[in-house]
Each structure stands twice: as C-alpha cells, then as structure tokens.
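Overview (structure and organization)
Listed below are the residues making up each chain.
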Amino acid sequence: ATGAMAGLTAGQVTFHVTDGHGKALENVHIVVSNLRAVDFKVELTTNKYGKAKAVLKFDHYSAAFSVDGYASLAYKFRPKLGDRKVIEIHLDSIQDAMKEAESKLTGKDKAIVLFNEAVPLVKEGKDVEALAKLKEAIQLNPELAPALFHAGRIELKTNNLDEAEKYLQK
C-alpha cells in the first residue's frame, strides 16, 4: 500500500515566510528535497507576499530556506493526500539570531566570545579596547589563561607592572 501511495500527488503546499515581526519576506530561496529520493529537488522563490507554492507527491520532504540578512532554516514535512497545506515559516534576522544565541551562553562561554573579540584588537595594536574586553572576559572566567596572558602583556607594555604581575602570575 505504501508503494502505491508514494506515486500519488498529495496536493499543494504553500510556504508563507515571514520575519520575526510578521513581515512577509520576498525572494527567499527555498530548496525542497525528497528525503528518500536524493535526486529529487524543487527550487522555489517567495513572492512579494512571502509565499511560494509546490505540488508534491505523498512522501517525506525537507525544505531549506535562505535569504541574505537572515538565519537559514531547515524544515521537515510530509504532505497528506489532498492537502492544501500552508506552512508558516519564520526566519530570524542574523542580529536577532545572534542575540538569542548569546542569551543562551554561560558566563564561561561569554568570556570566550569576549576573548575572541579582543584578539583582532590586540593584533591591530588597539590595546585599550582589547584590554577592556579582556578584563570583562577575566571577570566572567578568572581561569581563562589566554585572556590573562594578553591582559598581562598589555599591562606590561603600558608599564603598569603591578597589574601585569597579577595577570601573569595567574
């Protein structure tokens, strides 16, 4: 029965793509792939109303959504026979996605992010800006050795020997 059903057209699937504020997103690239037939692929683009339609057979699918300035998203679905399904997709802007990801970070994770932001500043010789980020990272994770080393090195360069010794001894 499953083999016979696989050849049947399930119906129309409409993707309605909006941003985090409910605004329709135009020109979103959608790639619909069949999870069992790897050579099956349909590419769609949303219109000015954020909608794109496809007629699909009864099977399992994955849809990948991408557009500049927004975090990509993958969605798995299975149309039913005679479906006229509307699938609501919400894409977060990259800034919103980053804020959400940052809100889930622990203190030690945030310390690493701050350290990684400080490294290019150190390389560019922007010691004041780098030191501020390094100190913040050290407050969140007092055991972060690379941050302690670079903070100590910067303090040593500025002849602040007591602070340099404090960081370098840790």
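Just so we're clear, the structure is a prediction, and the values are computed from it rather than from any experiment. (Residues numbered from 1 in each chain as written. Predicted model: local features only at pLDDT ≥ 70, side-chain atom pairs only at ≥ 80, totals over all residues. Heavy atoms only, no water.)

1. What about the packing of aromatic side chains?
Inspection of the entire model under this criterion finds five aromatic pairs. Centre to centre, the rings of Tyr-61 and Phe-77 are 5.7 Å apart; their planes meet at 25°, and the pair counts as stacked. With Tyr-61 in strand S5 (residues 61-66) and Phe-77 in strand S6 (residues 73-77), the pair connects residues that are 16 residues apart, well separated along the chain. The rings of Phe-15, Phe-40, Tyr-61, Phe-65, Tyr-75 and Phe-77 are connected pair by pair, giving a single aromatic cluster. Here Lys-166 stacks its cationic end above the ring of Tyr-167, 5.0 Å away from the centre of that ring. (Phe/Tyr/Trp six-rings, centres within 6.5 Å; stacked < 30°, edge-to-face > 60°. Helix = DSSP H or I, 4+ residues; strand = E, 2+ residues; numbered from the N terminus. Lys NZ or Arg CZ within 6 Å of the ring centre and 35° of its normal.)

2. A look at the sheet that holds S5
Note: strands within a sheet are paired through backbone hydrogen bonds, in either parallel or antiparallel orientation. In space, the four strands of this open sheet follow the order S3-S2-S5-S6, with antiparallel pairing throughout. Pairing within the sheet leaves two strands with one partner each, and these edge strands are strand S3 (41-45) and S6. Averaged over all adjacent pairs, the angle separating strand axes in this sheet is 20°, with direction ignored. As judged from the five bridges shared by strand S2 (residues 29-34) and S3, these two strands associate in the antiparallel manner. When the bridges of S3 are listed, Ile-30 appears paired with Leu-44. (Pairing = 2+ DSSP bridges. Axes fitted to C-alpha atoms, helices over the stretch in contact; angles between N-to-C directions.)

3. Observations regarding the nonpolar core
Counting 18 residues, the largest nonpolar core has Phe-15, Val-17, Ile-30, Val-32, Phe-65 and Phe-77 as its most contacted members. Excluding anything up to four places from it in sequence, Phe-65 contacts Phe-15, Val-17, Val-28, His-29, Ile-30, Ser-72, Leu-73, Tyr-75, Ile-89 and Leu-91. Ala-111, Leu-131, Leu-144 and Ala-147 belong to the second-largest nonpolar core, a separate cluster that totals 17 residues. (Core = buried A, V, L, I, M, F, W, Y, C linked by side-chain atoms within 4.5 Å. Buried < 20%, exposed > 50% of the residue type's maximum accessible area, 1.4 Å probe, protein only. Contact = heavy atoms within 4.5 Å.)

4. Thoughts on a nonpolar patch on the surface
A cluster of nonpolar side chains, Phe-149, Leu-156, Leu-161 and Leu-168, forms an exposed patch at the surface whose accessible area comes to about 380 Å². Looking at the nonpolar patch, the elements with two or more residues in it are helix H5 (145-157) and helix H6 (161-169). Secondary-structure assignment places Leu-168 in helix H6. Overall, Leu-168 belongs to the partly exposed group, its relative accessible area being 42%. (Patch = residues over 30% accessible without salt bridge, like charges linked within 9 Å, V, L, I, M, F, W, Y side chains within 5 Å. Areas by Shrake-Rupley, 256 points an atom, 1.4 Å probe, with all protein chains shown as cover. Salt bridge = Lys/Arg side-chain N within 4 Å of Asp/Glu carboxyl O.)

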